[in-house]
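Summary of the model geometry
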Amino acid sequence: MTDQYAELDAALERVVEAAKAHLAAVKAAQGRVDDDDVWQAYVNLNNTSFAYDEQLLEAFGEVTPWDVESIDPDEADQRFGGLVGGLEDGDADPHPRVISVRQRRDYRVPSVAALLRVADAARRNLVPADDEAGPVDSVGEAVLELLQAGDGSLSSLDVPELEPLDGLLTVSEVAAPLDLEAFADEDGAGPFAPAPDDLLVGRLDEHPYLSDEEDDHAGHQH
């Protein structure tokens, strides 16, 4: 039994060492997603825990509270590699550019008063009951209020009080991502202006149907 005790003690020590290594890897990663060192330490901790549990069961018929299954390290490396872009170590990303999607959609306001009423209601829903919700004073402010209520989605502007006009969407490959700090808050054109080295991939034009055209297009797919 002495050798058996020694084997169990050694197996438990490997679990403790693996747990410490896993904690050190987690601390070093600082919350970084899909960190390779954290994943490797996790696999080692899992497998040493499984091995100790198996040895304890074989020696004394006892088990630990750890409900784990053995992980094949080679298969684990393949799965982890597949999650991180599917590139082998040392391979360069063949598409290092950034994709920029930009959209514009215009609207006609048939009734300013009706739009202001809808925006007022949206603002009251966002403001706590014990706070005073000030009135919405302009068309632009009303549209912004609706967008804020819809978390910035353009679908929040699909209301009877706004009549959609033409719009467009562009997709471009750009050399660098948007730097909001490079533009003043009142600059509405700069962040959307293409840079000289931007590459336009494509443009999608939006043509909304008028009410008398909807029946003509019903049942047809484009």
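Here we summarise the structure given alongside this text. Remember, predicted model here, so these are calculated numbers, not experimental data. (Residues numbered from 1 in each chain as written. Predicted model: local features only at pLDDT ≥ 70, side-chain atom pairs only at ≥ 80, totals over all residues. Heavy atoms only, no water.)

Observations regarding a negative patch on the surface
On the surface, Asp3, Glu7, Glu54, Glu58, Asp67 and Glu69 cluster together into a patch of negative charge. At the level of elements, α1 (2-29) and α2 (36-60) are the ones that each hand at least two residues to the negative patch. Checked against the element boundaries, aspartate 67 lands in the loop between α2 and α3 (73-83). Relative accessible area serves as the criterion here: at 75%, aspartate 67 is assigned to the exposed category. (Patch = residues over 30% accessible without salt bridge, like charges linked within 9 Å, V, L, I, M, F, W, Y side chains within 5 Å. Areas by Shrake-Rupley, 256 points an atom, 1.4 Å probe, with all protein chains shown as cover. Salt bridge = Lys/Arg side-chain N within 4 Å of Asp/Glu carboxyl O. Lys, Arg positive; Asp, Glu negative; His and termini not counted. Charge placed at Lys NZ, Arg CZ, Asp CG, Glu CD. Helix = DSSP H or I, 4+ residues; strand = E, 2+ residues; numbered from the N terminus. Buried < 20%, exposed > 50% of the residue type's maximum accessible area, 1.4 Å probe, protein only.)

Thoughts on unusual backbone geometry
With phi around 55°, glutamine 30 is a residue other than glycine that occupies positive phi space. Secondary-structure assignment places glutamine 30 in the loop between α1 and α2. Even without being glycine, aspartate 151 reaches a positive phi, approximately 55°.

Some words on the pattern of salt bridges
The full count for this structure, using the stated rule, is 8 salt bridges. For arginine 123, the salt bridge is made with glutamate 141, and the minimal N-O distance between the two is 2.7 Å. In this pair, arginine 123 is assigned in helix α4 (residues 112-126) and glutamate 141 in helix α5 (residues 139-149), connecting sequence segments 18 residues apart. Classification of arginine 123 by relative accessible area gives buried; the value is 14%. Between glutamate 145 and arginine 123 there is a salt bridge, with the nearest N and O atoms lying 2.8 Å from each other. Taken together, the residues glutamate 145 in helix α5 and arginine 123 in helix α4 connect sequence positions 22 residues apart. The residues glutamate 145 and arginine 123 share a single accessibility class, namely buried. Bridged by salt links that share partners, the residues Arg105, Asp158 and Glu206 form one connected network.

Overview of α4
Taking 1.5 Å as the rise per residue, α4 with 15 residues should run 21 Å; its terminal C-alpha atoms sit 21 Å apart, in good agreement. Among the residues making up α4, those that are buried are Ala114, Leu115, Leu116, Ala119, Ala122 and Arg123. In this structure, the buried residues of α4 make contact with α5. (Expected span 1.5 Å × (residues − 1). Contact = heavy atoms within 4.5 Å.)

Side note on the pairing of strand β3 (residues 199-206)
Burial analysis of β3 places just 0 of its 8 residues in the buried class, a small minority of the element. In terms of strand pairing, strand β2 (residues 163-174) meets β3 through 7 bridges, oriented antiparallel. If you follow serine 172 over to β3, its bridge partner there is leucine 200. (Pairing = 2+ DSSP bridges.)

Concerning the pairing of β2
Judged from the 10 bridges that link them, strand β1 (residues 98-108) and β2 form a sheet pairing that is antiparallel. The residue of β2 that forms the bridge with arginine 108 is glutamate 163.

Observations regarding the nonpolar core
Listed in full, the 11 residues of the largest apolar core are Tyr107, Leu115, Leu116, Ala119, Ala122, Val136, Ala142, Leu146, Leu147, Leu157 and Leu162. Residue assignment for this core shows that the elements contributing at least two residues are α4 and α5. Not counting the four nearest positions on each side in its chain, leucine 115 is found in contact with Val109, Val139, Ala142, Val143, Leu146, Glu161 and Leu162. Of all hydrophobic cores here, the second largest spans 5 residues; its members include Leu8, Ala11, Val15 and Leu56. (Core = buried A, V, L, I, M, F, W, Y, C linked by side-chain atoms within 4.5 Å.)

Some thoughts on the sheet that holds β1
Taken in spatial order, the 3 strands line up as β1-β2-β3 in an open sheet, and their pairing is antiparallel. A strand with exactly one partner marks an edge of an open sheet, and here the two such strands are β1 and β3. With direction set aside, neighbouring strand axes in the sheet form an average angle of 15°. (Axes fitted to C-alpha atoms, helices over the stretch in contact; angles between N-to-C directions.)

What about the side chain of serine 172?
Within the fold, serine 172 resides in strand β2. Exposure remark for serine 172: the relative accessible area of 6% places this residue in the buried category. Residues within four places of serine 172 in sequence aside, it is in contact with Val98, Ile99, Ser100, Leu199, Leu200 and Val201.

Read these as spatial facts, not as claims about activity.
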